[in-house]
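Topology and contacts: notes
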Amino acid sequence: MLFKGKSRYLLTIIFISMIILAGCVGKKTPVEKMYDVLENVVAKEKVFEEQQDPLVTLEKKEKEIYDQIIELGMKEYDQIVKLSDEAILLTDQRKKHIEKETKSLKESEQEFKKAEDLKDKLDDPELKKIANELSDIMKQRYEAHDWLYKEYSNALEYDKELYVMFKNKNLSLEDLEAQVNKLNDTYKQVDDANKKFNKLTELYNDKKLSFYKEAGLKTKK
């Protein structure tokens, strides 16, 4: 009986040691945690990526309608009203996609904030340097998208105003030109913001690969 008691005690010690050892083995390093965060950021932006093609398609359809309206002239008023209503529906659809896009970016931003704490825990000076650069680029990228969202939202409102104006039989050429100029100025801002966002996205992806390479991490395909 005494021998069996000692055996149970020994087995208990071994079992506890195994649990402790397993906990140590399973604990991730700051580098590994950083990798998880950066890959989760990619996952959070999946919805953002999914909005790109539908938005382009809707923009093309709306441009086609706009061209048709301009060609018709006010002689075909009933047809202009019909086309204008269709265009307004397209702007509403575009609004839904840009909202989804922005929500996805906001979720990405919340996820990336976790990297702020982790980068300060990195021991390797070069890795910490790259991580700080990553952080700076990403902050600018999110700011660029905020700018893009603001200008694109303005453009959508101006688009709707334009199509409502088209339904006015007494629309003056002066008012039409003023609205079109306002739209052109806004879409110039949209284009500038979009270019900045895309450039920062490219810089971020390059810097992220540099971080992975320096850390000896494999990238997900």
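Preceding this paragraph is the structure being described.
Anyway, here's the lowdown on the structure attached to this text.

The rules behind these values
- Residues numbered from 1 in each chain as written.
- Predicted model: local features only at pLDDT ≥ 70, side-chain atom pairs only at ≥ 80, totals over all residues.
- Heavy atoms only, no water.
- Helix = DSSP H or I, 4+ residues; strand = E, 2+ residues; numbered from the N terminus.
- Buried < 20%, exposed > 50% of the residue type's maximum accessible area, 1.4 Å probe, protein only.
- Contact = heavy atoms within 4.5 Å.
- 1 Å grid on protein atoms, 1.4 Å probe; cavity = no way out; pocket = protein on both sides within 12 Å on 5 of 7 lines; lining within 4 Å.
- Points joined across faces, edges and corners; volume = space filled by probe spheres on them.
- Nonpolar A, V, L, I, M, F, W, Y, C, P; charged D, E, K, R; others polar.
- Patch = residues over 30% accessible without salt bridge, like charges linked within 9 Å, V, L, I, M, F, W, Y side chains within 5 Å.
- Areas by Shrake-Rupley, 256 points an atom, 1.4 Å probe, with all protein chains shown as cover.
- Salt bridge = Lys/Arg side-chain N within 4 Å of Asp/Glu carboxyl O.
- Lys, Arg positive; Asp, Glu negative; His and termini not counted.
- Charge placed at Lys NZ, Arg CZ, Asp CG, Glu CD.
- Core = buried A, V, L, I, M, F, W, Y, C linked by side-chain atoms within 4.5 Å.
- Axes fitted to C-alpha atoms, helices over the stretch in contact; angles between N-to-C directions.
- Parallel < 35°, antiparallel > 145°, perpendicular 65-115°, else oblique.
- Left-handed = near helix turned anticlockwise from the far one by under 90°.
- Expected span 1.5 Å × (residues − 1).
- Arc of directions from axis to C-beta.

1. Remarks on the overall build of the protein
- Scanning the protein for helices and strands turns up seven helices and zero strands.
- Ordered by position in the sequence, the α and β elements of the protein form the string α-α-α-α-α-α-α.
- Residue burial in the protein is summarised as follows: out of 221 residues, 33% are buried.
- Partitioning the intrachain contacts of the protein with sequence separation of at least 6 by distance along the chain shows that 83% fall at a separation of at least 24.

2. Points about empty space enclosed by the protein
- Taken as a whole and judged by the stated rule, the model has one cavity of 30 Å³ or more.
- One number sums up the size of the largest cavity: a volume of about 40 Å³.
- Residue lining of the largest cavity: T102, L105, K106, E109, Y142, H145 and D146, and that is the complete set.
- Broken down by secondary-structure element, the contributors of at least two residues to the lining of the largest cavity are α5 (77–119) and α6 (125–166).
- Tallying contributions element by element places α5 first for the lining of the largest cavity, with four residues.
- Residue classes in the lining of the largest cavity are distributed as two nonpolar, two polar and three charged.

3. Comments concerning a negative patch on the surface
- A surface patch of like charges, here negative, comprises D123, D124, E126 and E214.
- Within the element layout of this structure, E126 appears in helix α6.

4. So, the nonpolar core
- The biggest cluster of nonpolar side chains holds 25 residues, and the ones touching the most others in it are M34, L38, V41, F112, Y204 and F211.
- Among the elements of the structure, α2 (30–44), α5, α6 and α7 (173–215) are those that each provide at least two residues to this core.
- Looking at this core, the element that brings in the most residues is α6, giving eight residues.
- Dropping the residues within four chain positions of it, F211 is found in contact with M34, L38, L122, L127, I130, A131, L134 and L217.
- In terms of nonpolar packing, the next biggest core, distinct from the first, is built from 16 residues, I80, L162, F166 and V180 among them.

5. Quick look at the packing of α2 against α7
- Put simply, α2 and α7 touch, their axes get as near as 11 Å, and they point 150° apart. Taken together, the axes of α2 and α7 lie roughly antiparallel to each other. As for the relative orientation of α2 and α7, their crossing is left-handed in sense. Across from V31, M34, Y35, L38, E39, V41 and V42 in α2, the residues of α7 making contact are Y204, K208, F211, Y212 and A215.
- Its residues assigned to classes, the contact of α2 with α7 comprises ten nonpolar, no polar and two charged.

6. What about the pattern of salt bridges?
- All told, the structure shown has 22 salt bridges when counted by the stated rule.
- Here D159 and R94 are joined by a salt bridge, their closest N and O atoms 3.3 Å apart. Here R94 lies in helix α5 and D159 lies in helix α6, a separation of 65 residues in the sequence.
- A salt bridge links K106 to E109; the shortest N-O distance between them is 3.8 Å. Within this pair, K106 and its partner E109 are both found in helix α5, separated by three residues, close to a single helical turn.
- The class of K106 is partly exposed, set by a relative accessible area of 37%.
- Judged by its relative accessible area of 23%, E109 falls in the partly exposed class.
- Several salt bridges converge on common partners, so that one network encompasses E62, R94 and D159.

7. Describing helix α4 (residues 52–72)
- Here α4 spans 31 Å end to end across 21 residues, near enough to the 30 Å set by a 1.5 Å rise per residue.
- Along α4, the residues classified as buried are L55, L58, E62, I65 and I69. The arc that holds the buried residues of α4, viewed along the axis, is 90°, so those residues lie on one side. Facing away from the buried surface of α4 by more than 90 degrees, the exposed residues are D53, K60 and E71.

8. Observations regarding the side chain of H145
- Relative to the assigned elements, H145 resides in helix α6.
- For H145, a relative accessible area of 2% gives the class buried.

Coordinates in, geometry out; function isn't part of it.
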